[in-house]
Structures are given as structure tokens and as C-alpha cells.
Amino acid sequence: MATQAAESVWAETMKMSQVYAPTLRENPAEAEIASHRLMLRAGLLRKLSAGIYTYLPLGYRTVRKIMQIVREEMERIGGQEVMMPVVQPAELWHETGRWVDYGDEMMKLKDRHSREFALGPTHEEVITDLVRSEINSYRQLPVMMYQIQNKYRDEIRPRFGLIRGREFIMKDAYSFDRDQTGLDHSYDLVYQAYVRIFERCGLNTKVVEADAGAIGGSDTHEFMVITDAVGEAEIAYCDVCGYAANVEKAVCTFEPSGLAQETNEELKLVDTPGQRTIEEVSAFLNIPPHRLMKTLIYKAGSQVVAAVVRGDHEINEVKLARALGVLEVELANEELIAQVTKAPVGFAGPIGLADGVPIIADLEVMELHGAVCGANSADQHYRGVEPGRDFAPDTVVDVRMVGADDPCPKCKAPLSVASGIEVGHVFKLGKKYSQAMNATFLDEAGQEHPLVMGCYGIGVSRTAAAVIEQHHDKNGIIWPISIAPYHVIVVPVNYKDQQQRQAAEDLYRAVEDLGIEVILDDRDERPGVKFKDADLIGIPIRVVVGKRIGQGQVELKLRWEDEAEIVDVNTVVGRIQSILR
Ligand code: ATP
Ligand code: MG
């Protein structure tokens with residue numbers, strides 16, 4: 001017996017009375033941002049545990065459409081879809097040192113034999129293990145594989161619904177090339193695919209230079225959705241030349257004043273009872289914050305260090321970690337601060353710290369003259385501080401956070417700073433994993449080389465939320481057609497009215513016959529309730545069948561427009577088709 005080809009995975013029609021989309025009239029208290037609020041209210045999502053969610057039918061339809069776009073664009077650049085295990089043995093992670101380095105974000109478990117495993121937060125180790133057994137010749141390169149899968153990260157602060165989950169859907173891809181030129185090419189292909197993916201999802205993204213972070217590697221870019229509502233990542237960008245970077249990475253332009261100003265001011269100890277913060281000390285001594293020094297004590301691996309920036313600047317912990325050659329730095333606790341500064345919190349300074357505590361000073365600190373800093377003594381500060389004369393930093397380097405109005409490192413125009421959501425990330429990993437895990441190939445001459453690797457992620461579930469952040473109004477979601485759970489909703493004003501009911505059902509079938517995804521609101525609800533739900537869920541096209549059907553007319557309303565339009569019932573299907581095209 002011949003088996004039939006699988007039908008389309010999409011149910012093209014649905015009756016509203018049957019849709020499992022429990023909408024909520026009230027805003028859920030736990031939801032701080034629009035996407036989280038609207039996904040709960042529109043019945044797209046339900047929470048099981050912190051950062052762990054069930055996607056309800058409408059929400060999952062949108063997620064599947066995003067996955068489909070991702071698949072099409074990844075296949076177009078030669079990506080091949082695989083499915084790797086979620087459960088990963090600890091030994092693999094020991095090979096790269098990441099069992100420890102990845103830290104508490106990794107969800108760990110043991111099997112019945114006490115063997116350790118992780119729930120995959122990412123898959124560099126697994127894929128490298130896969131290819132090292134099978135790839136041995138340059139003839140097998142390049143290769144790019146990807147998967148779409150749940151990832152597990154025990155985030156410190158799961159929040160904002162799908163934006164920062166502990167279980168979330170990621171598309172992760174990995175490329176293997178024979179050399180840097182090959183990697184550059186693979187990276188460009190994925191970069192361009194990402195531009196298309198986000199465009200097709202209706203997202204406006206900004207690509208920024210990023211810090212390579214704990215994963216290691218060199219070139220890396222992030223795809224950011226700029227939105228003030230979600231301060232998950234800060235971006236510095238220049239409207240003049242187009243420079244854009246994560247603030248963690250953004251270079252602070254430094255121009256030495258060249259004025260090796262001599263001060264005659266002497267170092268002087270002054271009492272500052274109870275004055276701990278920059279604001280307090282500045283007000284108390286009547287000296288502006290930019291003439292103060294801010295000193296913070298950090299733990300960096302096994303080391304304790306003091307980082308110093310100007311009082312009006314912020315320390316950039318990512319730059320500090322880079323300067324110290326560690327993965328992460330951690331602010332010291334009160335006890336350690338007391339040990340290192342011999343003073344309570346609030347009076348740290350670079351002069352007279354405990355022995356063996358290196359001082360990392362920002363470039364701008366060395367430009368200060370007659371400055372003020374904590375005296376490492378309770379309730380006291382120094383005035384008249386002369387860096388170089390009164391203390392000698394071990395390292396002088398850019399360790400501050402860029403700010404709005406800082407000059408652009410490329411063109412010197414003032415930078416802007418905005419916050420955003422990272423939806424995608426591309427990385428040139430190079431040989432980091434292939435070397436650690438001994439994944440090599442032989443070239444034409446029989447020489448052995450490590451594979452050159454790239455990795456590329458898209459937060460699929462986060463993307464769904466980011467789209468809502470960019471596309472909503474006070475009434476609900478405004479889905480772009482490309483990822484809307486359904487395209488059309490047909491709403492009879494009074495479903496009990498025979499004529500309206502018949503016309504609505506006819507329309508529903510006519511649309512369905514064209515393969516358009518349509519919902520019929522067959523509920524015996526007041527029209528206001530039905531309109532509210534349709535707006536909340538964000539169906540792009542609404543057709544209302546009311547009394548005018550007597551004159552052969554229906555109302556057509558696009559979710560992103562304010563006004564409805566009266567349309568002849570015989571032409572409405574054609575109109576819908578042309579809108580969807
Ligand atoms: P973040 O800085 O936001 O924590 P990351 O640098 O840890 O992100 P990657 O390891 O590059 O993220 O993961 C690839 C993509 O997965 C990210 O670009 C993001 O879109 C998504 N992602 C990362 N963490 C989460 C999370 N906790 N919840 C939802 N999506 C996430
Ligand atoms: Mg992270």
C-alpha cells in the first residue's frame with residue numbers, strides 16, 4: 001500500500017472556541033515588560049518554574065515559524081541540521097576546562113552510577129567530539145552543522161519571560177574550516193544569513209562588536225534589538241560612522257592632555273566622617289566627581305586587585321578581567337575589603353593598600369592632578385593626590401565603561417548609548433576547542449592541523465519575545481505576517497444570526513482553501529470581547545461579518561492600522577491574498 005505524503009504540519013483552520021489560548025484581562029504582576037506581559041495575557045505562554053515555560057499552541061506556532069525561517073536560511077548557506085544530545089558527559093567538558101570555567105550557570109546531574117553530566121548550555125564540546133572521530137582530511141572541509149534545541153542555563157536572574165530563561169530554545173551552528181580564510185568565509189555566510197533571518201522575522205537589529213567572553217576566540221558580533229524597556233545589554237553606537245559595540249567591549253577614546261601639569265598641592269589627609277560614596281565625598285569637600293578617584297577591590301582568580309577609575313566613570317568588569325587575563329572578576333566582600341584596605345567599605349584608595357595588591361588604573365586616572373581618593377583609613381580621604389608621585393599603578397589601561405557623549409573610537413563624533421536584547425551571536429573560535437580536544441585534519445601534504453572553528457547562536461525563544469517588544473501597542477501584540485500564529489481571524493458579530501454565521505463560515509472556508517491560516521471566532525461572546533482577544537493575540541488581518549452582510553459588505557481591519565475598511569464580501573478574499581503577498 002502506498003503511503004501518503006505527509007500533510008502540511010500546519011493546521012490551517014481553527015475555531016476560536018477550541019483554541020487553547022486562555023487570555024487574561026489583567027496584567028500579571030510578575031511581568032515587567034511588554035513581551036512577557038502580552039505572551040501571558042494572550043495565552044501564548046505559561047510558567048512552570050522560574051525561567052521555565054510551556055509554549056501554548058499559539059505561542060508555539062510563532063516559535064515554529066521562527067524555526068522555519070532559521071532552517072531555510074541556514075540550509076541556504078549549506079548548513080546541515082543535526083540533533084545533538086541535551087545530556088552531556090562531564091569528561092568532555094573536562095577536556096576543555098569548561099566543567100569548572102562555565103561556573104554555576106551549568107545545570108549538572110548524576111546518573112545512577114554517580115557519573116556526572118550537564119544539561120547542555122551550548123554544544124562546542126559535543127560537536128568537536130563528533131567531528132574529531134570522522135573528519136580527518138581537508139577533502140571533508142568545510143562543514144557546517146546546526147541544530148534547534150532546548151538549552152539549559154541556571155541564570156542568576158531568570159527574568160522577562162522568554163528573554164532570559166533557564167530552559168530556552170536556541171539555534172546553534174558550528175563551522176569547521178581548514179584555515180582562517182575559510183573561517184572568515186563561513187563567518188560571513190552566517191552573518192548574512194542572520195541579517196536575513198531577523199529581517200524576515202520583522203526585527204530591526206543592530207550588529208555590534210562584542211567581547212569574546214568566557215567562550216574564548218577572536219572576532220565576535222552580536223545582533224541586538226534596541227529597546228529601552230529591557231536593559232539586558234548596553235550598546236554604544238555612533239550615528240555618524242556606524243560604529244557599534246557592546247559597552248563591555250566599546251573602546252574609550254583616550255587623548256593624553258599633554259599638559260604635564262605641575263601641582264604644588266601637597267598630599268593631605270582630611271577627615272570625611274561617614275562620607276563614603278563619590279556623591280557624598282564630592283559634596284562634603286566641594287570638589288566635583290571628575291576630580292575624585294573611585295577605587296574598587298576585586299577578586300580575580302586567586303588574586304586580589306584594586307581597580308581605580310575617575311569618580312565620574314564606571315569600572316568595566318569585562319575590560320578589567322581581560323587586563324588581568326582572567327575569565328571573570330568578582331567584587332570583594334566587606335571582610336576582604338577590610339583586610340586589604342584596613343578600613344570599612346567606602347574609604348579604599350590606591351595609596352597604602354596591603355602589600356601585594358596590584359593597582360589597575362584607568363588611563364584617565366593618570367591625567368588627574370590634585371585629586372581626591374580614599375585614604376584606606378576609616379572616615380578619611382586624601383586631597384592633593386598626584387598619580388605617579390603618590391602611588392604607582394601596576395597597570396594603566398582602559399578599564400572604564402564608555403558613556404554617552406564619549407567620542408567615537410573611529411570618528412570622534414559623540415557616541416550614543418542604548419539598551420537592547422541580544423538575539424544572535426556569531427563567534428570566530430579559531431583553534432581553541434580543536435586544540436584542546438585534538439580535532440585535526442591532514443592537508444594535501446599529509447601535514448596535520450587543528451580544525452578552525454566558528455560557532456553561531458540565535459535565541460529562538462528570545463527572538464519571539466523581542467519581536468513583541470518591537471511590535472505591540474496598548475491593545476496587544478502586532479505580529480509581523482511572517483511569524484503570526486494565524487494570518488486571518490473571521491469574526492461574526494453575532495454567531496447566532498443565521499446570515500452572519502453562514503457568511504462567516506463561507507469566508508472561513510474560502511480562505512482556508514487558499515492555504516491561508518485562519519481562525520473563525522465562533523464563540524457566543526459580545527463583539528467587544530472578540531475584538532479585544534483578536535487584538536491581544538495580534539492576528540494581522542481581521543474580517544468582521546456584521547449587519548452589513550445584508551448589503552454584501554464586511555469590515556476589513558489590519559492590526560497595525562487604526563481604521564477599518566468596508567469591503568465587498570466578494571472581493572475580500574482577493575484583498576487578503578494581496579495583503580499576505
Ligand atoms: P547573554 O549575554 O544574554 O547571557 P550569551 O552571550 O550568554 O547571552 P550565547 O551563549 O551567545 O549567549 O547564546 C546564543 C544566543 O542564545 C544569545 O544570542 C541569545 O539570543 C540566546 N540566549 C542566551 N542566553 C539566553 C537565556 N538565558 N534565555 C533565552 N535566550 C538566551
Ligand atoms: Mg549568558
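Residues numbered from 1 in each chain as written. Chains lettered and ligands numbered in written order. Predicted model: local features only at pLDDT ≥ 70, side-chain atom pairs only at ≥ 80, totals over all residues. Heavy atoms only, no water.

## What to know about empty space enclosed by the protein
Per the counting criterion, the structure on display carries one cavity of 30 Å³ or more. Reported here for the largest cavity is a volume of approximately 40 Å³. Elements represented by at least two residues in the lining of the largest cavity include exactly α13 (527-537) and β31 (553-558). Counted by class, the lining of the largest cavity contains four nonpolar, no polar and four charged residues. (1 Å grid on protein atoms, 1.4 Å probe; cavity = no way out; pocket = protein on both sides within 12 Å on 5 of 7 lines; lining within 4 Å. Points joined across faces, edges and corners; volume = space filled by probe spheres on them. Helix = DSSP H or I, 4+ residues; strand = E, 2+ residues; numbered from the N terminus. Nonpolar A, V, L, I, M, F, W, Y, C, P; charged D, E, K, R; others polar.)

## Describing the pairing of strand β6 (residues 107-110)
Pairing of β6 with strand β7 (residues 116-119), which is carried by four bridges, proceeds in the antiparallel orientation. In the strand pairing of β7, Leu109 is matched with Phe117. Hairpin connection between β6 and β7: a loop of five residues separates the two successive antiparallel strands, and Ser114 in this loop has a positive phi of roughly 65°. (Pairing = 2+ DSSP bridges.)

## Here's the deal with the site of ligand 1
Around ligand 1, a shell composed of 14 residues is seen, among which Glu155, Arg164, Gly165, Glu422 and His425 lie nearest. Between ligand 1 and Glu155 there is a distance of 2.7 Å, counted from a nitrogen atom to a side-chain nitrogen or oxygen. Here Ile163 contributes a backbone N or O atom positioned 3.4 Å from a nitrogen atom of ligand 1. Protein burial of ligand 1: of its 580 Å² of free accessible surface, 82% is covered by the chains. The set of elements that each furnish at least two residues to the shell around ligand 1 consists of β9 (167-177) and β22 (416-430). Residue contributions to the shell around ligand 1 peak at four residues, all from β22. Here the residues of the shell around ligand 1 sort into five nonpolar, four polar and five charged. (Near = heavy atom within 4 Å. Polar contact = N/O pair within 3.5 Å; in protein donor to acceptor, adjacent residues only side chain to side chain. Areas by Shrake-Rupley, 256 points an atom, 1.4 Å probe, with all protein chains shown as cover.)

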